[in-house]
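Observations on the three-dimensional arrangement
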Amino acid sequence: MSKIAFKVSARAGKLLGRENFSNPEGAIIELVKNSYDADSNNCLVLFDIPRKKIKDSDGKEIEIPLREKSILYIIDNGEGMTEKVIKDHWMHIGTGNKEKDYISDAKRTKTGAKGIGRFALDRLGFETEMWTLSKIAKDSIGSFWKMDWNQFDESDKAISQIEAELEPAKIDLKDKIRSLTNNNPLIVNAIKKLNFDRGTIIKISNLKDDWFDEETSSVFKSLEALIPPKELNIPFEVFFKHFQQPKEFGKVETAFFNDFDYKLKANYNAETLNIDFEITRNEIDIKLLKKKYLSVFKSKNYPYDLQTIENKTFTYSKSIDKVLDWKLNDSNKKNLKEVGSFDFTFFYLKLTNSLKEGYPYKTISASERKSILKRFGGVKIYRDSFRVRPYGDPNNDWLRLGYRAAQSPAGPGQRIGDWRVRPESTAGIITISRNTNPLLVDKADRGALQENETFEIFKLILTGIISEFEYDRTKILNPIYLEQKKSAKEQKESEIQKRAEALADKIIEQRKKVEESIYGKIGKVDLFQEKKEEEEKKSYEEAFKDTFKAIDDENAEQENQEIVQVRSLASLGLIVSSFAHELKEIKDNAVEVKILEGIFKSIVPKEKKKSDEFKDGIDIIELLDENSDKIVHWVDYALTAIKKDKRTRGKFEFSGFLKSLEKSWSRIFKKKDILLNIIDKTKDKSYDFRAFEMDISTIFTNLINNSIDSFNNLIEVQKRIIEISANIKDDHIEILYSDNGVGLDGVFDDKEEIFLPFKTAKRDRKGKEIGTGLGMYLVKSVIDDNNGTIDILEPTKGFSVYISFPLRK
């Protein structure tokens, strides 16, 4: 049997090239990478784009590029190519020389590997000329190479039939650059101090794209982000010029952050599974810290002591299992090692001077930081010193830092380890290599890395490293936050005392005036009256102090909407307290409505009891009776809620409370046909639990209100049941609350969201929120304040929560 070989058409080769360089910007970047691989210290990217004026469809005069006269130059002072290299490698499509010899003479890891980079020339223009002088050239004899890329469009040609022109030439690279650019003063000045005793000039003409200002600016910005950043200390600079825009562009600057709040350097060693950290703190004003918080940090241990804070930079090492809180086994050890070693430099730059938080921060220039982060922000990956897109591009939050921050919105000092950095305040440089990270490979289109298992673990390690910075920042700021909180509490208590005294005096004075207006001026006040007024004033003071504390203890971070709600409730409490006597009378009078019906029936003559007027009278009395029930319930609840003993933390008995709860809600439950089932297993048991009765009332009031709303949303008629069970187990009070209503609203993807302030599913028919969204937030806050926990259960029907409080031992 004979054997036959495949034949590859020229057009197939061209399509291969175009698949890898879908846009001209990517093609230019590929050629700049070739300059880097050639060990050049300098690369020039030059645009000569003549223009002509035409009128658009509206008759307005505009300028457009003259494509046929436009030229691109890529020039470098790298190692150049000999005639042999051009024949054996440059003209060999898909050559693997860079894959085998991936380390250059200057010890750079070469970025290319597929052997198709020369097709970038085809992507940019129809004609290419190249002058190259090798580092081993003698007597300045180099090579001139010329290629007509139109040959690849000839359908009857095989790729082996495509030919380029090649001839030896005596080359002075600087003279050639000056000659090609017509001694353009910008270019002459740029190359004056550069060494061009070797290198390559590529001239691309008869361009395939129209290069408007927007496209050239885009290339410049891409080069800023793509070439090796200054932090890597690689001697490679790119000079970018547009002949028709002489004042634009110039040297391509790369990221360098010397103004930052935090800098973290991490070296991940895949062999030892260890990470070496170097953290530099640059956020705190040391003088201000010493002035206000010296005592706070005097007793702190390394690295949170005052001396380390003053030194700014400290180092430590940590094993990967400690960083990730991940118990290692043979399988995940293998995965962690397959990631390969890498370096990560991370910067945090906050964007506002936050005076509200009160931390001793240094003053920053927010506008300058925003400008820098706009150009160079984001966590970027550099493989063998060149950027891998799109990681770190605007809006490319590939590490999901925004999601993490949304899940934990706490301030940086509120709780240790609970703060998460937002992506817009970050910048980072991750350096990987073909050699050390072989499983972090390109997608086929070179657009990103393949999202394989190794890449996912790579991301996991990176977020673990960032967590080390987040933890350190909270460890520094939390003691300051607690000290501020302590000082603020002392100041508030002093202010509350003054406010309570002033308001108590005012109310007593107003009460005296009212009494004088009714009963006339009282004569000499006796000792009994003075003592009574003194007790009355103390009673008011205590009531007002408790109320003001309820308002002022709210988190300052949530003062806007939350304080409005709490103040409204506090105001209602004051009103109810002031008119307690009158409200009791209203309650007693409301009960008299039931007697009214009997009186009405007795005085109406028998012959008129069949009249419409009599029936209307009975209907009105029944309506008054129904409303009186509501008034009695509300007054009972309101007066009970503001009792002084409810606002005092004391020993709390659940049996008595549950009986009182059942009684106070009985009227409403009866009207709404709700069955309350209480299972009390705390009776006759000895335990010590201390709480404000008002706090426990807050929990059940909000849970019951939610259950009533849930029952109102039922579509089918059914029994309506609320069940509350209380038990003592393992030094804890356990409470199970459940109903058989519609259950948690489907809008909450995460059930824990219901504990967030202002989260509500109650909306009108237009979608407008009609609930306050504070009910379950208050429930969670009260439980937290009493060191308890609450878990949302998942019953087959309805809503259920498990609440646990620790008992005193």
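Here the structure is a predicted model, which is why all the values come from computation and not from measurement.

Some points on the packing of aromatic side chains
Taken as a whole and assessed by the stated rule, the structure comprises 37 aromatic pairs. Note on tryptophan 149 and phenylalanine 152: the rings are 5.7 Å apart at their centroids and 25° apart in plane angle, and the pair reads as stacked. Residue classification places phenylalanine 152 among the buried residues on the basis of a relative accessible area of 4%. By the ring-pair criterion, three or more aromatic residues cluster together here, those being Tyr262, Phe344, Phe346, Tyr348, Trp419 and Phe469. Lying over the aromatic face of tyrosine 403, arginine 400 brings its terminal NZ or CZ to 4.2 Å of the ring centre.

Description of the sheet that holds strand 13 (residues 313–319)
Read from one edge to the other, the open sheet built from seven strands follows the order 13-12-11-14-17-15-16, with strand pairing classed as mixed. The open sheet is flanked by strand 13 and strand 16 (386–388), the only strands paired with a single partner. Mean inter-strand twist for the sheet, computed between neighbouring axes without regard to direction, equals 20°.

Comments concerning the packing of helix 22 (residues 693–712) against helix 23 (residues 775–785)
Running from N to C, helix 22 and helix 23 point in directions that differ by 150°, and their axes come no closer than 9 Å. When the axes of helix 22 and helix 23 are compared, the pair comes out roughly antiparallel. Remark: the crossing between helix 22 and helix 23 carries left-handed chirality. Of the residues in helix 23, those in contact with Asp695, Thr698, Ile699, Asn702, Leu703 and Asn706 of helix 22 are Gly775, Met776, Leu778, Val779, Val782 and Ile783. Tallied by class, the residues present in the contact of helix 22 with helix 23 amount to seven nonpolar, four polar and one charged.

What to know about the sheet that holds strand 6 (residues 141–148)
Judged by pairing direction, the sheet is mixed, and its eight strands sit side by side in the order 7-6-5-8-4-1-9-10 without closing on themselves. Either end of the sheet is taken by a strand with one partner, and the two such strands are strand 7 (165–170) and strand 10 (250–251). Examined bridge by bridge, strand 1 (residues 42–48) and strand 4 (residues 71–76) share six bridges and lie antiparallel to one another. Of the residues in strand 4, the one forming a bridge with cysteine 43 is aspartate 76. Along the sheet face, helix 8 (residues 213–226) touches strand 1, strand 9 (237–242) and strand 10 and points at about 170° away from the line of strand 9.

Some points on a nonpolar patch on the surface
Taken together, the side chains of Ile595, Ile599 and Ile603 present a nonpolar region at the surface, about 290 Å² in accessible area. Looking at where isoleucine 595 falls in the secondary structure, it is placed in helix 19 (residues 593–603). The class for isoleucine 595 is partly exposed, based on a relative accessible area of 46%.

Structural notes on the packing of helix 2 (residues 24–37) against helix 8
Remark: helix 2 packs on helix 8, axes separated minimally by 10 Å, with the N-to-C direction vectors making an angle of 45°. Overall, the two elements helix 2 and helix 8 adopt an arrangement that is oblique. Crossing hand, helix 2 versus helix 8: right-handed. Note on element contacts: helix 8 touches helix 2 through Ser218, Val219, Ser222, Leu223 and Leu226, opposite Glu25, Ile28, Ile29 and Val32. Class assignment of the residues belonging to the contact of helix 2 with helix 8 gives a composition of six nonpolar, two polar and one charged.

Overview of the environment of aspartate 418
When you line up the elements, aspartate 418 lands in the loop between helix 14 (401–407) and strand 17 (426–432). Assessed through its relative accessible area of 23%, aspartate 418 is described here as partly exposed. C-alpha of aspartate 418 to C-alpha of serine 467: the two residues are 49 residues apart in sequence and 9.9 Å apart in space. Sequence-distant contacts of aspartate 418, defined by excluding residues within four places in its chain, comprise Ser408, Ala410 and Thr474.

Quick word on the pattern of salt bridges
As enumerated under the stated definition, the model contains 28 salt bridges in all. A salt bridge links lysine 84 to aspartate 88, with the nearest nitrogen and oxygen atoms 2.8 Å apart. With a gap of four residues between them, lysine 84 and aspartate 88 both fall in helix 3 (residues 83–90), about one helical turn apart. Take aspartate 88: its relative accessible area is 35%, and that puts it in the partly exposed class. In this structure, the salt-bridge partner of glutamate 468 is lysine 318, at a minimum N-O distance of 2.9 Å.

Some remarks on the environment of aspartate 105
In this structure, aspartate 105 sits in the loop between helix 4 (97–100) and helix 5 (119–124). Remark: the alpha-carbon pair of aspartate 105 and alanine 38, spanning 67 residues in sequence, is separated by 8.9 Å. The contacts of aspartate 105, once residues within four sequence positions are left out, are Asp39, Glu79 and Lys135.

Re the side chain of lysine 241
Structurally, the position occupied by lysine 241 is in strand 9. Although lysine 241 is buried, it forms no salt bridge, and the closest oppositely charged side chain is glutamate 248 at an N-O distance of 8.2 Å. Among the polar contacts listed, one links the side chain of lysine 241 to the backbone oxygen of glutamate 248, at a separation of 2.9 Å.

Considerations on helix 23
Gly775, Met776, Tyr777, Val779, Val782 and Ile783 are the residues of helix 23 that are buried. Note on helix 23: the residue one or two positions beyond its end, asparagine 787, has a positive phi of about 60°.

With respect to the nonpolar core
Side chains of a nonpolar character, in soluble globular proteins, are inclined to be buried together. Tyr268, Phe342, Phe344, Trp398, Ile430, Phe458 and Ile461 are the most contacted members of the largest nonpolar core, which totals 56 residues. In terms of residue count, helix 15 (residues 453–519) provides more of this core than any other element does, 12 residues in total. Excluding anything up to four places from it in sequence, phenylalanine 344 contacts Leu264, Lys265, Ala266, Val379, Gly428, Ile429, Ile430, Leu462, Ile465 and Ile466.

What about unusual backbone geometry?
With an omega of 5°, the peptide bond between tyrosine 302 and proline 303 qualifies as cis. Topologically, proline 303 is positioned in the loop between helix 9 (286–298) and helix 10 (306–311). The linkage connecting arginine 389 with the following residue, proline 390, adopts the cis geometry, with an omega of 5°. For proline 390, the location among the structural elements is in the loop between strand 16 and helix 14. In the Ramachandran plot, phenylalanine 249 falls in the positive-phi region, its phi being about 65° despite a non-glycine side chain.

Description of helix 2
With 14 residues, helix 2 extends 20 Å between its outermost C-alpha atoms, agreeing within 8% with the 20 Å of an ideal straight helix rising 1.5 Å per residue. Of all 14 residues in helix 2, 12 are buried, a share of seventy percent or more. Those residues of helix 2 that sit buried are Pro24, Glu25, Ala27, Ile28, Ile29, Glu30, Leu31, Val32, Lys33, Ser35, Tyr36 and Asp37. Sitting at the amino-terminal end of helix 2 is asparagine 23, which places a side-chain oxygen 3.2 Å from the backbone nitrogen of glutamate 25. Downstream of helix 2 by one or two residues, aspartate 39 has phi in the positive range, about 65°.

Concerning the pairing of strand 14 (residues 342–348)
Most of strand 14 is tucked away: six of the seven residues are buried. Of the strand pairs in this sheet, strand 11 (residues 262–269) and strand 14 are connected by seven bridges, and their pairing is antiparallel. When the bridges of strand 14 are listed, tyrosine 268 appears paired with phenylalanine 342. Where strand 14 lies against strand 17, six bridges are found, and the strand directions are antiparallel. Within strand 17, the residue paired with phenylalanine 346 across the bridge is glycine 428.

Section: a negative patch on the surface
A contiguous patch of negative charge, built from Asp612, Glu613, Asp616, Asp619 and Glu622, is present on the exposed surface. As for its placement among the helices and strands, glutamate 622 is situated in helix 20 (residues 612–641). For glutamate 622, a relative accessible area of 44% gives the class partly exposed.

As for the pairing of strand 1
Summarising burial for strand 1: seven of the seven residues are buried, a large majority. Every second residue of strand 1 is oriented toward a common face, with Asn42, Leu44, Leu46 and Asp48 on one face and Cys43, Val45 and Phe47 on the other, all of them buried. Two strands pair when backbone bridges link them, and strand 1 and strand 9 are joined in this way by six bridges, in the parallel orientation. For asparagine 42, the partnering residue across the bridge sits in strand 9 and is glutamate 237.

What counts, and where the lines are drawn
Residues numbered from 1 in each chain as written. Predicted model: local features only at pLDDT ≥ 70, side-chain atom pairs only at ≥ 80, totals over all residues. Heavy atoms only, no water. Phe/Tyr/Trp six-rings, centres within 6.5 Å; stacked < 30°, edge-to-face > 60°. Buried < 20%, exposed > 50% of the residue type's maximum accessible area, 1.4 Å probe, protein only. Lys NZ or Arg CZ within 6 Å of the ring centre and 35° of its normal. Pairing = 2+ DSSP bridges. Helix = DSSP H or I, 4+ residues; strand = E, 2+ residues; numbered from the N terminus. Axes fitted to C-alpha atoms, helices over the stretch in contact; angles between N-to-C directions. Parallel < 35°, antiparallel > 145°, perpendicular 65-115°, else oblique. Left-handed = near helix turned anticlockwise from the far one by under 90°. Contact = heavy atoms within 4.5 Å. Nonpolar A, V, L, I, M, F, W, Y, C, P; charged D, E, K, R; others polar. Patch = residues over 30% accessible without salt bridge, like charges linked within 9 Å, V, L, I, M, F, W, Y side chains within 5 Å. Areas by Shrake-Rupley, 256 points an atom, 1.4 Å probe, with all protein chains shown as cover. Salt bridge = Lys/Arg side-chain N within 4 Å of Asp/Glu carboxyl O. Lys, Arg positive; Asp, Glu negative; His and termini not counted. Polar contact = N/O pair within 3.5 Å; in protein donor to acceptor, adjacent residues only side chain to side chain. Core = buried A, V, L, I, M, F, W, Y, C linked by side-chain atoms within 4.5 Å. Expected span 1.5 Å × (residues − 1). Charge placed at Lys NZ, Arg CZ, Asp CG, Glu CD.

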